[in-house]
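Chain by chain, the residues:
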Amino acid sequence: MWNWVHQLAEWAREDTPFAVVTVTECKGSTPASPGAKLLVRADGTFHGTIGGGHLEQLVLQDARACLGKGEARTFRYPLGAKLGQCCGGVVDVFVEPVNHGPQLYLFGAGHVGQALCRILEGTPFRVHLVDERAEWVQSPLVPAGVVRHEEPWDDFASRAVWDEARTYVAVMTHRHDVDQDIIAFTIQKPARYIGLIGSDTKWARFRQRLEAKGMPARQVGRVQCPMGLPIGGKSPQEVAVSIAAGLLQLHHGLAQETGAQPPPTPLLSSGE
């Protein structure tokens, strides 16, 4: 029997969405057995088998459809002429997407960044905290579930998975020049949300510099600055609550997609 647990763990670490297909019940004569598994990626790559043939091809197709929607569901396959198989049995499978949730790439492990990590714990977001300062990114105040990247931002960004439906970006480093470099890079990548901490004045300067470098207005307009909902507070914890609320609102379909400017609210100008 193939080691599906090892393969699942390997794929789970890569942050690429995939689906786990499990045969839950077999009736009559079938090529599959209860417990048989397939691991399927959106590009069609898969490991395992549930017996091959037209049944397996149809299961792969349905699993990829579930993955595209981020939905778990069950399927029943009568093995008759319609499937090109004459076994006469019935196979039930359960398809469960993995790694299909939103990923927040949080650049900056300062006070606001750490507070945002704590607030998003227990939500659908998987947080990647990026900061080359060990004393900040390795802080005990950061929840254990956060993926920490103690490295320069561009090292992380160059190998990260960028997805227009799953990737969210929040930029709040301790240096404005680094913030600007990150924004210039990320606006050229697929992402559902790109946010920059700071004031309207900070963003006006950034926008002018980016456009002067030839960045298209469509790309520059993807950035939301200030970030968050207008709750009025200015402490790191309150700013983080505001940002988290905006992210969750967008994820759950209750806010406009990236590119629309939120109501202005006075936020801190750096992650510190």
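Computed from a predicted structure; not experimentally measured.

Asker: How do you make sense of the pattern of salt bridges when you look at a structure like this?
Answerer: Two side chains that carry opposite charge are able to pair once their charged atoms sit near each other. Counted according to the given criterion, the structure contains six salt bridges. The shortest N-O distance in the salt bridge between aspartate 92 and arginine 76 comes to 2.7 Å. Of the two residues, aspartate 92 sits in strand β5 (residues 90-98) while arginine 76 sits in strand β4 (residues 73-78), which places them 16 residues apart along the sequence. The salt bridge partner of arginine 175 is aspartate 177, with a shortest N-O separation of 2.6 Å. In this structure arginine 175 comes out as partly exposed when scored by relative accessible area, which is 42%.

Asker: Would you take a moment to explain the UniProt feature "domain: XdhC Rossmann" (unreviewed entry) in the protein chain for this structure?
Answerer: The UniProt record annotates "domain: XdhC Rossmann" (unreviewed entry) at residues 104-246. Helix makes up 42% of residues 104-246 and strand 16%, and the two end C-alpha atoms of the span are 13 Å apart.

Asker: It is not clear to me how the environment of valine 169 should be interpreted in this structure. Could you clarify?
Answerer: Locating valine 169 in the fold gives a position in strand β9 (residues 167-171). When the C-alpha atoms of valine 169 and valine 239 are compared, they prove to be 16 Å apart, with 70 residues separating the residues in sequence. Valine 169 has contacts with Leu104, Tyr105, Phe107, Trp162, Thr186, Tyr193, Ile194 and Gly195, leaving out every residue within four places of it along the chain.

Asker: Any chance you could explain the sheet that holds strand β2 (residues 37-41) here in plain terms?
Answerer: Read across the sheet, five strands follow the order β3-β2-β1-β5-β4 without closing on themselves; strand pairing throughout is antiparallel. At either margin of the open sheet sits one strand with a lone partner, and together these are β3 (46-48) and β4. This sheet shows a mean twist of 20° between the axes of neighbouring strands, independent of strand direction. One ladder, built from five bridges, connects strand β1 (residues 18-27) with β2; its direction is antiparallel. Bridged to phenylalanine 18 within β2 is arginine 41. Packed onto the sheet, helix α1 (residues 4-13) meets β1, β2 and β3 and runs at close to 20° relative to β2.

Asker: How should helix α9 (residues 236-251) be read in this particular structure?
Answerer: Relative to the 22 Å expected for 16 residues at 1.5 Å per residue, α9 spans 22 Å between its end C-alpha atoms, a close match to the ideal helical length. Taken residue by residue, α9 has Val239, Ala240, Ser242, Ile243, Ala244, Gly246, Leu247 and Leu250 as its buried positions. Looking at the buried side of α9, the elements it contacts are β6 (103-107), α3 (111-120), β9 and β10 (193-196).

Asker: Sorry if this is basic, but what is going on with the sheet that holds strand β7 (residues 126-130) here?
Answerer: For sheets, the rule is that strands pair by backbone hydrogen bonds, running either parallel or antiparallel. Sheet architecture is open: six strands sit in the order β8-β7-β6-β9-β10-β11, paired in parallel fashion. Each of the sheet's edge strands pairs with one partner strand only, and the pair in question is β8 (147-149) and β11 (223-224). Direction of pairing for β9 relative to β10: parallel, over a ladder of four bridges. Residue pairing for β10: valine 169 is matched across the bridge by isoleucine 194.

Asker: In this structure, what is going on with the packing of aromatic side chains? I would like to understand it.
Answerer: Pairs of aromatic rings are described using the distance from one ring centre to the other and the angle between the two planes. The final tally for this structure, using the stated rule, is nine aromatic pairs. Each ring, one from tryptophan 153 and one from phenylalanine 185, has its centre 5.7 Å from the other, and the planes form 70°; the classification is edge-to-face. Of the two residues, tryptophan 153 sits in helix α5 (residues 153-159) while phenylalanine 185 sits in helix α6 (residues 176-186), which places them 32 residues apart along the sequence. Phenylalanine 185 gets classed as partly exposed once you look at its relative accessible area, which sits at 24%.

Asker: In this structure, what is going on with the pairing of β9? I would like to understand it.
Answerer: Every other side chain in a regular strand lies on the same face of the sheet, so the side chains alternate between the two faces. For β9, a buried count of five out of five residues is recorded, marking the element as mostly surrounded by other parts of the structure. Where burial is concerned, the two faces of β9 agree: the one with Thr167, Val169 and Val171 and the one with Tyr168 and Ala170 are both buried. Pairing between β6 and β9: five bridges, direction parallel. Its bridge partner being in β9, leucine 104 is matched across the sheet by tyrosine 168. Running through α6, the crossover from β9 to the neighbouring parallel element β10 is right-handed.

Asker: Even after reading the chapter, I still don't get the environment of arginine 41, so can you show me in this structure?
Answerer: Of note, arginine 41 is situated in strand β2. What arginine 41 contacts, discounting residues up to four positions off in sequence, is Trp11, Glu14, Thr16, Pro17, Phe18, Arg64 and Leu67.

Conventions and cut-offs
Residues numbered from 1 in each chain as written. Predicted model: local features only at pLDDT ≥ 70, side-chain atom pairs only at ≥ 80, totals over all residues. Heavy atoms only, no water. Salt bridge = Lys/Arg side-chain N within 4 Å of Asp/Glu carboxyl O. Helix = DSSP H or I, 4+ residues; strand = E, 2+ residues; numbered from the N terminus. Buried < 20%, exposed > 50% of the residue type's maximum accessible area, 1.4 Å probe, protein only. UniProt positions renumbered as here; feature names shortened; annotations may be inferred. Contact = heavy atoms within 4.5 Å. Pairing = 2+ DSSP bridges. Axes fitted to C-alpha atoms, helices over the stretch in contact; angles between N-to-C directions. Expected span 1.5 Å × (residues − 1). Phe/Tyr/Trp six-rings, centres within 6.5 Å; stacked < 30°, edge-to-face > 60°. Right-handed = clockwise from strand over helix to strand, strands pointing away.

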